[in-house]
Protein chains: 2
Amino acid sequence: MIGLGLIGGSVLRAAAAAGRTAWGATDSTVDAEAAVADGFTATVDVAGALRDAAERDAIVVLAVPLPAVERVLPLVAEHAPNCLLTDVTSVKVPVLDVVGRRLPDARFCGGHPMAGTAESGWAAGSATLFSGAAWVVCVEDDTDLDVWREVAALALDAGAHVVPTNAAAHDEVVARISHLPHLMAGVLAAVGAVGGPLAAALAAGSFRDGTRVAGSHPELVRAMTEGNRASLLPVLDEALGRLGAARGSLASTGGLAATIDAGHEGIRELDKYASAPHTGVRVDLGAPDARVGLLALGERGGRITALDGDVLTGEVR
Amino acid sequence: MIGLGLIGGSVLRAAAAAGRTAWGATDSTVDAEAAVADGFTATVDVAGALRDAAERDAIVVLAVPLPAVERVLPLVAEHAPNCLLTDVTSVKVPVLDVVGRRLPDARFCGGHPMAGTAESGWAAGSATLFSGAAWVVCVEDDTDLDVWREVAALALDAGAHVVPTNAAAHDEVVARISHLPHLMAGVLAAVGAVGGPLAAALAAGSFRDGTRVAGSHPELVRAMTEGNRASLLPVLDEALGRLGAARGSLASTGGLAATIDAGHEGIRELDKYASAPHTGVRVDLGAPDARVGLLALGERGGRITALDGDVLTGEVR
């Protein structure tokens with residue numbers, strides 16, 4: 001595990017709890033010392049940890065913010081170039097690009113566990129952070145499905161279910177369901193704060209819910225939103241268009257039905273997907289159309305919940 | 001109580017639980033029958049209920065959506081013109097205006113309990129809905145403080161604390177901390193739904209929190225947001241300006257620090273107001289500067305928590 005913040009620290013704990021031999025390295029003395037104090041193997045010697053990985057043919061998991069991925073990859077190239085490599089960064093196309101440039105022969109498969117809290121650092125993590133959460137494991141045209149299987153196995157060991165999709169689809173969807181919500185929360189919080197103490201005294205559920213993630217560590221929010229610039233821009237334009245239309249309609253006719261009804265309909269549609277009955281599915285990674293099957297499963301909102309050799313089982317709604 | 005939906009039904013239950021003699025009327029046969037089945041006095045004869053109020057010198061509470069207030073006021077003027085009158089509508093300037101036009105001599109004082117759920121109707125209500133909630137009781141230049149005291153006493157009996165402010169300040173602040181959040185939730189939900197089943201599969205805390213109130217009954221959201229048009233428009237422009245600035249910055253420099261930092265700072269400021277230590281306050285309604293004292297208390301985020309004759313006690317942070 002390279003990086004022992006909230007996500008990396010939680011993966012390390014979860015992997016160890018699943019019986020895997022796991023160790024971590026980080027630039028942060030605070031996080032490394034905290035991990036050691038909690039009984040884990042952790043160091044600030046990233047190169048040394050990578051050499052251990054090469055010796056033991058371990059999976060290298062990059063759990064550093066996107067801007068740091070580029071700095072860590074040369075160390076991976078130098079000390080553990082043949083290890084399976086994955087990451088848990090919140091954007092996938094930029095990581096795919098930088099790995100392609102820095103380590104074109106890497107046995108790489110990107111990942112993204114969809115869990116987190118407003119807290120950060122080793123101390124905020126837990127072995128159960130990923131229990132019941134989605135963990136995206138990317139399927140690109142050239143993904144080695146043996147590597148994919150090992151990364152999926154790690155995610156399942158951590159208590160997550162695996163959602164197969166590709167980097168581009170992932171980044172477009174997380175712009176909608178994570179990065180835009182973080183920006184909107186920031187805007188709401190700033191507009192709310194102009195209301196001063198009276199606003200604080202009157203703020204109820206809608207404001208508290210709508211601004212909750214504005215309390216997240218600004219650097220982490222910047223890393224994920226700025227890192228997803230290409231996918232976030234058109235989504236931000238959609239939001240601006242809808243909000244501008246609401247403004248125009250309120251100013252001209254006084255009506256907000258279109259905005260409010262579209263939102264209500266949207267939440268009903270998403271709830272319908274999320275609450276539809278499950279159907280069991282089975283994907284054989286050895287089959288010639290395995291890649292197509294995985295991507296189709298993800299597109300339909302499906303998930304992999306277990307793995308036995310090359311046979312994946314899961315469900316789709 | 002005129003109107004026995006979520007809010008009116010909850011006020012009726014809370015008033016009865018506090019030992020008051022309370023009865024309700026509504027256009028909704030469903031709500032009236034449900035209230036009667038729960039052991040309350042309720043009818044669809046609004047005029048009759050108002051005549052009872054006039055006979056017993058009761059407080060008349062309008063708990064109907066803003067568009068219905070204008071329709072109910074002529075009945076109040078006809079059957080209970082001398083009763084104390086208040087309302088629990090989510091906007092205050094439009095109610096003040098329509099009462100001024102329809103019932104210029106009313107002994108009126110507007111109110112707004114800041115509690116609710118995504119549900120609506122009698123069945124969704126409860127006697128404890130207002131426990132620990134803020135209940136705005138408006139202080140205008142010409143508010144009769146005897147009327148104000150009686151409305152405040154009802155709010156306190158319902159388990160709420162009273163926040164004194166005027167209608168204009170109320171409407172401006174709720175545009176920031178309630179109406180804009182409802183519109184933003186609608187926009188987020190609509191943009192998220194474009195992501196289809198994969199979006200539903202990956203949506204985590206930030207999206208669920210940010211869209212929670214998009215599930216509210218669209219008619220109620222329309223009533224409160226459209227009813228607060230004058231105050232909501234400039235607040236919506238502030239949000240559009242901030243979101244547009246984020247878009248411009250992301251497109252040009254790739255940076256979102258200004259947006260994210262302002263949101264983080266905003267939430268810290270509001271949290272600071274909300275968590276500062278209390279100081280006890282005392283307002284004598286008989287004093288010549290009572291009105292000024294009440295408004296200053298509200299502006300500082302203060303609240304009234306008890307009432308003994310003309311002496312109010314409360315706290316400010």
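In this text the structure is predicted, and so the values were computed from the model without any measurement.

What counts as what
Residues numbered from 1 in each chain as written. Chains lettered and ligands numbered in written order. Predicted model: local features only at pLDDT ≥ 70, side-chain atom pairs only at ≥ 80, totals over all residues. Heavy atoms only, no water. Helix = DSSP H or I, 4+ residues; strand = E, 2+ residues; numbered from the N terminus. Rg over C-alpha atoms; globule rule 2.2 N^0.38 Å. Buried < 20%, exposed > 50% of the residue type's maximum accessible area, 1.4 Å probe, protein only. Contact = heavy atoms within 4.5 Å. Areas by Shrake-Rupley, 256 points an atom, 1.4 Å probe, with all protein chains shown as cover. Lys, Arg positive; Asp, Glu negative; His and termini not counted. Charge placed at Lys NZ, Arg CZ, Asp CG, Glu CD. Least-squares fit on C-alpha atoms with pLDDT ≥ 70 in both. Pairing = 2+ DSSP bridges. Axes fitted to C-alpha atoms, helices over the stretch in contact; angles between N-to-C directions. Buried area = accessible area lost by both parts, 1.4 Å probe. Salt bridge = Lys/Arg side-chain N within 4 Å of Asp/Glu carboxyl O. Polar contact = N/O pair within 3.5 Å; in protein donor to acceptor, adjacent residues only side chain to side chain. Domains from an automatic or database assignment. Nonpolar A, V, L, I, M, F, W, Y, C, P; charged D, E, K, R; others polar. Phe/Tyr/Trp six-rings, centres within 6.5 Å; stacked < 30°, edge-to-face > 60°. Core = buried A, V, L, I, M, F, W, Y, C linked by side-chain atoms within 4.5 Å. Parallel < 35°, antiparallel > 145°, perpendicular 65-115°, else oblique. Left-handed = near helix turned anticlockwise from the far one by under 90°. Expected span 1.5 Å × (residues − 1).

**Structural notes on the overall build of chain A**
For chain A, the helix and strand inventory stands at 13 helices and eleven strands. A compact globule built from 317 residues should have a C-alpha radius of gyration of about 20 Å, and chain A, at 21 Å, falls within 12% of that. Across its three principal axes, chain A shows a C-alpha extent of roughly 70 × 45 × 35 Å. For chain A, the proportion of its 317 residues judged to be buried stands at 56%. Summarising the internal contacts of chain A: among those between residues at least 6 apart in sequence, 69% fall at separations of at least 24. Of the roughly 12,400 Å² of accessible surface on chain A, a fraction of 50% belongs to carbon and sulfur atoms. For chain A, the distance from the average site of its 24 positive side-chain charges to the average site of its 38 negative ones is 5 Å.

**Some details on the relation of the copies chain B and chain A**
Note on the identical chains: chain B maps onto chain A by a rotation of 180 degrees and an axial translation of 0.0 Å, with an RMSD of 0.1 Å. Viewed as a symmetry operation, the transformation between the two copies matches a two-fold axis. Most of the interface of chain B is mirrored in chain A, where 100% of its interface residues again form contacts.

**Structural notes on the sheet that holds strand β5 (residues 107-108) of chain B**
In any sheet, the strands associate via hydrogen bonds between backbone groups, in a parallel or an antiparallel arrangement. Residue and element names in this part refer to chain B. With parallel pairing, the three strands of this open sheet are ordered in space as β3-β4-β5. Where the open sheet ends on each side, the last strands, each with one partner, are β3 (59-62) and β5. The pairing of strand β4 (residues 84-87) with β5 spans two bridges and is classified as parallel. Considered in β5, the bridge of Leu85 is made with Phe108. Packed on one face of the sheet, helix α6 (residues 145-157) meets β3, β4 and β5 and runs near 50 degrees to β4.

**Remarks on the interface of chain B and chain A**
Across the contact, 86 residues belong to chain B and 86 residues belong to chain A. Taken together, both faces of the contact between chain B and chain A bury some 7,700 Å²; the carbon and sulfur share is 77%. If you sort the residues of chain B by the area they bury against chain A, Leu198, Leu202 and Leu243 of chain B come out on top, with a joint share of 9%. At the junction of chain B and chain A, the tally comes to four salt bridges. In this structure, the salt-bridge partner of Asp237 of chain B is Arg247 of chain A, at a minimum N-O distance of 2.6 Å. Inspection of the chain B/chain A interface yields 18 residue pairs in polar contact (both at pLDDT 80 or more).

**Some words on the domain arrangement of chain A**
Residues and elements named next belong to chain A. Split into domains, chain A comes out as domain 1 (6-165) and domain 2 (171-254). Measuring from the centre of the C-alpha atoms in domain 1 to the corresponding centre in domain 2 gives 30 Å. The partner domain 2 presents twelve residues to the twelve residues of domain 1 that form the contact. Counting each side, the surface lost to burial between domain 1 and domain 2 is near 800 Å², with a carbon and sulfur contribution of 65%. On the surface where domain 1 and domain 2 come into contact, there are zero salt bridges. Across the contact surface, domain 1 and domain 2 share two residue pairs in polar contact (both at pLDDT 80 or more). Within the side of domain 1 that touches domain 2, the residues separate by chemical class into eight nonpolar, three polar and one charged.

**Here we look at the pairing of strand β10 (residues 303-308) of chain A**
Residue and element names in this part refer to chain A. Sheet topology places β10 next to strand β11 (residues 311-316); five bridges connect them, and they run antiparallel. Bridge assignment links Ile304 to a residue of β11, and that residue is Gly314. Joining the antiparallel neighbours β10 and β11 is a turn of two residues, in which Gly309 adopts a positive phi near 65 degrees.

**Brief notes about the sheet that holds strand β5 (residues 107-108) of chain A**
All names here are of chain A. One open sheet holds the three strands; their spatial order is β3-β4-β5, and the pairing between them is parallel. In this open sheet, the two strands that pair with only one neighbour each are β3 (60-62) and β5. The strands touched by helix α4 (residues 66-79) are β3 and β4 (84-87); relative to β3, the strand with the most contacts, the crossing angle is about 165 degrees.

**Description of the environment of Ile260 of chain A**
All names here are of chain A. Tracing the chain through its elements places Ile260 in helix α12 (residues 257-275). In this structure Ile260 comes out as buried when scored by relative accessible area, which is 7%. Distance from Ile260 to Ala246, taken between C-alpha atoms, is 9.0 Å for residues 14 residues apart in sequence.

**Some points on the packing of aromatic side chains**
Residue and element names in this part refer to chain A. This model, assessed by the stated rule, comprises four aromatic pairs over all chains. Relative to Trp122, the ring of Phe40 has its centre 5.4 Å away and its plane inclined at 65 degrees; by these criteria the two rings are edge-to-face. Placement of Phe40 in the loop between α2 (29-37) and β2 (42-43) and of Trp122 in the loop between β6 (111-113) and β7 (134-138) is noted, with a sequence separation of 82 residues between them. You can call Phe40 partly exposed: its relative accessible area is 22%.

**Topic: the nonpolar core**
Counting residues in each nonpolar core, the largest one holds 41 residues, and the members touching the most others are Phe130, Trp135, Trp148, Val162 and Leu294 of chain A. Counting only elements with at least two residues in this core, the list comes to α1 (6-17), β7, α6 (145-157), β9 (279-284), α13 (290-299) and β11 of chain A. Of the residues forming this core, the biggest block, eight residues, is contributed by α6 of chain A. Excluding residues within four positions of it along the chain, Trp148 of chain A makes contact with Cys109, Val137, Cys138, Val139, Thr143, Val162, Pro164, Leu285, Leu294, Ile304 and Leu312 of chain A. Counting residues in hydrophobic clusters, the runner-up holds 40 residues, among them Met1, Ala15, Ala42 and Trp148 of chain B.

**Thoughts on the side chain of His161 of chain A**
Residues and elements named next belong to chain A. Looking at the element boundaries, His161 is found in strand β8 (residues 161-165). Assessed through its relative accessible area of 7%, His161 is described here as buried. Those residues in contact with His161 that sit more than four places away from it in its chain are Gly132, Ala133, Ala134, Trp135, Leu156, Arg303, Ile304 and Thr305.

**Remarks on the side chain of Ser206 of chain B**
Along the chain, Ser206 of chain B turns up in helix α9 (residues 205-211). Judged by relative accessible area, which is 11%, Ser206 of chain B ranks as buried.

**Remarks on the packing of helix α4 (residues 66-79) of chain B against helix α5 (residues 93-102) of chain B**
All names here are of chain B. Two elements in contact, α4 and α5, have axes separated by 10 Å at closest approach and are oriented at 20 degrees. The angle between α4 and α5 places the two elements in the roughly parallel class. The chirality of how α4 crosses α5 is right-handed. Residues Leu66, Val69, Glu70, Leu73 and Pro74 of α4 touch α5, and the partners they reach there are Pro94, Val95, Val98, Val99, Arg101 and Arg102. Considered class by class, the residues forming the contact of α4 with α5 number eight nonpolar, no polar and three charged.

**Focus: α6 of chain B**
Residues and elements named next belong to chain B. An ideal rise of 1.5 Å per residue puts 18 Å on 13 residues; α6 measures up with 18 Å between its terminal C-alpha atoms. With ten of 13 residues buried, α6 is to be regarded as a mostly interior element. Three or more residues of α6 are buried, namely Leu145, Val147, Trp148, Arg149, Val151, Ala152, Ala153, Leu154, Ala155 and Leu156. The N-capping residue of α6, defined by a side-chain oxygen 2.8 Å from the backbone nitrogen of Asp146, is Asp144. Of the residues one or two after α6, Gly159 is the one with positive phi, at around 95 degrees.

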